Amino acid sequence: AREAKAEDEANALARLADDLAASLRALPGEDSLDGVRGIKGGAARRYFSGLNLLVRADQRTAFAMDGRTRRPPRDRLNALLSFLYSMLMNDCRSAIEAAGLDPQVGFLHALRPGRAALALDLMEEFRAVADRLALTLINRGQLGANDFIEREGGAVLLEGDARKAVVVAWQERKQEELTHPLLEQPVPLGVIPLVQA
């Protein structure tokens with residue numbers, strides 16, 4: 001909201017941030033898993049409704065997003081997020097397995113055969129990294145509308161060279177170091193899922 005150029009956009013983003021903060025404050029009072037999932041779902045809807053305002057104004061038409069869609073993604077931003085989330089999921093699953101944990105047994109995500117619920121749980125902490133990278137790639141013009149293919153039936157996918165560019169950007173982002181709040185030392189972003197696991 002601080003960086004928004006238009007006052008109405010700044011106000012909309014500030015309201016969404018306040019709504020997300022209210023969701024966070026509501027969590028400790030919730031005593032059921034379904035209630036926690038409900039709070040998370042509502043927060044996710046509000047969060048994704050604001051992503052359009054973070055896309056550079058001249059790219060908003062090409063990367064317009066009407067909520068989160070997946071399997072298949074129905075627009076370019078959702079296609080990019082789905083691709084990044086897939087890589088993040090693989091990193092989290094690998095970290096969990098390397099730590100000797102069972103990726104199938106999670107806490108927040110429902111247990112289903114073949115579903116890596118614990119990896120999905122761990123992934124929640126890092127989704128913002130993928131989201132920020134998606135916005136960076138769009139806002140810096142590293143990806144454009146022509147880097148996506150619309151398939152029959154409405155599915156939108158990254159085309160081959162664009163996928164390679166996103167993989168390279170993801171690997172570069174994972175090399176960046178952050179100071180881990182508990183370890184109080186710099187850790188490459190790509191190693192943090194293993195540390196958390």
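Residues numbered from 1 in each chain as written. Predicted model: local features only at pLDDT ≥ 70, side-chain atom pairs only at ≥ 80, totals over all residues. Heavy atoms only, no water.

Turning our attention to the overall build of the chain. A tally of regular secondary structure across the chain gives 7 helices and 4 strands. When the helices and strands of the chain are listed from N to C terminus, the series reads α-α-α-α-α-β-β-α-β-β-α. Expected size for 197 residues packed as a compact globule is a radius of gyration near 16 Å; at 18 Å, the chain falls within 12% of this value. Overall, the C-alpha framework of the chain stretches about 45 × 40 × 40 Å when taken along its three principal axes. Considering only residue pairs separated by 6 or more positions, the chain has 50% of its internal contacts joining residues 24 or more positions apart. Accessible surface computed for the chain: about 11,700 Å², of which carbon and sulfur atoms make up 52%. Separation between the mean location of the 26 positive side-chain charges and that of the 28 negative ones in the chain comes to 3 Å. (Helix = DSSP H or I, 4+ residues; strand = E, 2+ residues; numbered from the N terminus. Rg over C-alpha atoms; globule rule 2.2 N^0.38 Å. Contact = heavy atoms within 4.5 Å. Areas by Shrake-Rupley, 256 points an atom, 1.4 Å probe, with all protein chains shown as cover. Lys, Arg positive; Asp, Glu negative; His and termini not counted. Charge placed at Lys NZ, Arg CZ, Asp CG, Glu CD.)

Turning next to the packing of helix α3 (residues 76-98) against helix α5 (residues 127-139). Packing of α3 against α5 leaves a shortest axis separation of 9 Å and a crossing angle of 135°. As the angle between them shows, α3 and α5 are arranged oblique. Where α3 crosses over α5, the handedness of that crossing is right-handed. Residues Leu77, Leu80, Leu81, Leu84, Tyr85 and Leu88 of α3 touch α5, and the partners they reach there are Arg127, Ala130, Asp131, Leu133, Ala134 and Ile138. (Axes fitted to C-alpha atoms, helices over the stretch in contact; angles between N-to-C directions. Parallel < 35°, antiparallel > 145°, perpendicular 65-115°, else oblique. Left-handed = near helix turned anticlockwise from the far one by under 90°.)

Attention now moves to the pattern of salt bridges. For the structure shown, the criterion picks out 9 salt bridges. Here glutamate 9 and arginine 60 are joined by a salt bridge, their closest N and O atoms 2.7 Å apart. Residue glutamate 9 is located in helix α1 (residues 7-26), and its partner arginine 60 is located in the loop between α2 (33-50) and α3; the two are separated by 51 residues in the primary sequence. We classify glutamate 9 as buried; its relative accessible area is 18%. In this structure, arginine 56 and aspartate 58 form a salt bridge, with 2.6 Å as the shortest nitrogen-oxygen distance. Taking the relative accessible area as the measure of exposure, arginine 56 reaches 32% and is therefore partly exposed. Using a relative accessible area of 56% as the deciding quantity, one classes aspartate 58 as exposed. (Salt bridge = Lys/Arg side-chain N within 4 Å of Asp/Glu carboxyl O. Buried < 20%, exposed > 50% of the residue type's maximum accessible area, 1.4 Å probe, protein only.)

In this structure, Leu80, Leu81, Leu84, Leu143, Phe148 and Val166 are the most contacted members of the largest nonpolar core, which totals 40 residues. Every element with two or more residues in this core is listed here: α3, α4 (117-124), α5, β2 (156-158) and α6 (160-175). Element by element, the count of residues in this core is highest for α3, at 11 residues. Setting aside residues no more than four positions away along its own chain, leucine 143 makes contact with Phe63, Leu80, Leu137, Ile138, Phe148, Leu158, Ala162 and Val166. (Core = buried A, V, L, I, M, F, W, Y, C linked by side-chain atoms within 4.5 Å.)

Just distances and angles here, no functional claims.
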